[in-house]
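Listed below, chain by chain, are the residues.
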Amino acid sequence: MGNVTVVGAGVIGLSIAHELATAGHTVRVVADREAAASVSGVAAAIWFPHDVDHSDRVLDSAAVTYRRLEELAEDPRTGVHMRPGTVLSRRPDPDTSWTRAVPRTGPADPAALPAGSTGVRCTVPLVETGAYLAWLRETVTALGVRFRTAEVGSVDEVLRADEPDALVVAAGLRSAALLGDDDEVFPIRGQVVRLANPGLTEWLTDDDHPEGLTYVVPRRDDVVCGGTGDTGSWDEQVSPETEAAILRRVIAMVPELAGQPVLSRAVGLRPGRPTIRLEAVPGHDRPVFACYGHGGAGFTLSWGDAARTAALLA
Ligand SMILES: Cc1cc2nc3c(=O)[nH]c(=O)nc-3n(C[C@H](O)[C@H](O)[C@H](O)COP(=O)(O)OP(=O)(O)OC[C@H]3O[C@@H](n4cnc5c(N)ncnc54)[C@H](O)[C@@H]3O)c2cc1C
């Protein structure tokens, strides 16, 4: 047991803080933005390993997270709900490797799908990000985790300031700049528009839509409609043209959305990386660990990767 500083208060940093505090460490989280104001606050967020490789390691973490979120869904305060939906594919050889992380899946009725597509039906956790991130922060605070609001320039700066026994970098897209030894991280720009919910409960994702990534994720008070997956774009401005195109696509697929008022809109830069970095980082005078690069799957992998990070420290 020791003092551990976690840099990052997004879904990854908070989940790691939870697992470390539960294991008996004294934990401090340093971040310049709260989770709701980070990429984690923009996510849809359904359980699905999107924009990450589907290696055994990733799918194992996804399975662990599925089970944990399913348990949390029993407590309404967490903002997690189990929701049925469809993963649509327009490829002749769809990648269904992810289905092994989901307890029950089945084929979608072809008559309900666009011509030439196939679909997998399943029930997965839906995370209402506002409620969930607030609950997670409250829960870790109750476990004794302390927070410091600051922008930090480097890992060594934090090691000098906080003098922890160990440090974890969970700073999403900006982790590479803090460590200075990684040139593999890139942004994957995601734009969403949130509409009033006309009573929808089922989600739908259509990654291969010929006009661009398309998804509809109904939550309690709105429907998150997306999206984009612009690799390499650092543009954080909402594009009205992109929004109009998203609305055309989602209304064509879910006509009930026509005429629903726009409640809010957002852009987030997903932390892309060919593979998630989850390892000890050499070259510092105290143990430093990295956990970042979760692409479009930070919520989907959060508990599994937090447990792995805690195991590295142990
Ligand atoms: C449109 C969109 C839809 C998505 N949908 C889903 C989905 O359905 N399911 C899913 O699983 N995932 C989804 N994601 C992906 C998910 O949001 C990310 O993978 C996840 O939020 C990454 O979390 P993180 O904690 O690594 O990073 P972030 O949420 O970006 O948090 C980073 C933290 O580090 C801190 N930080 C960074 N640099 C510094 C610094 N120099 N000094 C101090 N603090 C620093 C920040 O303040 C912040 O607290 C979506 C993303 C987008 C954009």
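Residues numbered from 1 in each chain as written. Predicted model: local features only at pLDDT ≥ 70, side-chain atom pairs only at ≥ 80, totals over all residues. Heavy atoms only, no water.

Where we set the bar: UniProt positions are given in the numbering used here, feature names are shortened, and annotations may be inferred rather than shown by experiment.
Labelled according to an unreviewed UniProt entry, the protein chain appears under the name D-amino-acid oxidase, originating from Actinoplanes italicus. The UniProt entry for the protein chain carries the following comment under Catalytic activity (unreviewed entry): "a D-alpha-amino acid + O2 + H2O = a 2-oxocarboxylate + H2O2 + NH4(+)".

1. So, the side chain of Thr86
Here is the rule: Elements are defined by DSSP. Helices are runs of H or I of four residues or more, strands are runs of E of two residues or more, and each kind is numbered from the N terminus. Each polar contact in these results corresponds to two N or O atoms within 3.5 Å; when the atoms are within protein, one needs to be able to donate a hydrogen and the other to accept it, and residues that are neighboring in sequence are counted only if both atoms are side-chain atoms. Residue contacts are counted whenever heavy atoms from the two residues lie within 4.5 Å of one another.
Within the secondary structure, Thr86 sits in strand β3 (residues 80–89). A distance of 3.1 Å separates the side chain of Thr86 from the side chain of Arg121, its partner in a polar contact. Ignoring anything within four residues of it in the chain, the contact list for Thr86 reads Ala108, Leu113, Gly119, Val120, Arg121, Trp203, Leu204 and Thr205.

2. Structural notes on the nonpolar core
Formally: Put simply, buried Ala, Val, Leu, Ile, Met, Phe, Trp, Tyr and Cys residues joined by side-chain atoms within 4.5 Å make one nonpolar core. Burial here depends on accessible area, computed with a 1.4 Å probe over protein chains only, as a share of the maximum for the residue type. Under 20% is buried, over 50% is exposed, and the range in between is partly exposed.
Counting 65 residues, the largest nonpolar core has Ile16, Leu20, Trp98 and Tyr132 as its most contacted members. The residues contacting Trp98, other than those within four sequence positions of it, are Trp47, Phe48, Pro49, His54, Leu59, Val87, Val120 and Cys122. Of all hydrophobic cores here, the second largest spans 18 residues; its members include Val158, Leu159, Leu173 and Leu179.

3. Description of the packing of aromatic side chains
Let me state the cut-off plainly: Here a pair means two rings of Phe, Tyr or Trp (six-membered ring of Trp) with centres within 6.5 Å. Their orientation is stacked below 30 degrees between planes, edge-to-face above 60, and tilted elsewhere. The criterion for a charge sitting over a ring is simple: Lys NZ or Arg CZ within 6 Å of the ring centre, and within 35 degrees of the ring normal.
Taken as a whole and judged by the stated rule, the model has four aromatic pairs. When the centroid spacing of 5.5 Å and the interplanar angle of 80° are considered together, the rings of Trp47 and Tyr66 count as edge-to-face. One end of the pair, Trp47, is in the loop between β2 (26–31) and α2 (56–72); the other, Tyr66, is in helix α2, with 19 residues separating them in the sequence. These aromatic residues form a ring-pair network of at least three members: Tyr132, Trp135 and Phe299. Sitting over the ring of Trp303, Arg68 keeps its end group 4.0 Å from the ring centre. The residue whose ring lies beneath Arg137 is Phe147, and the NZ or CZ to ring-centre distance is 3.7 Å.

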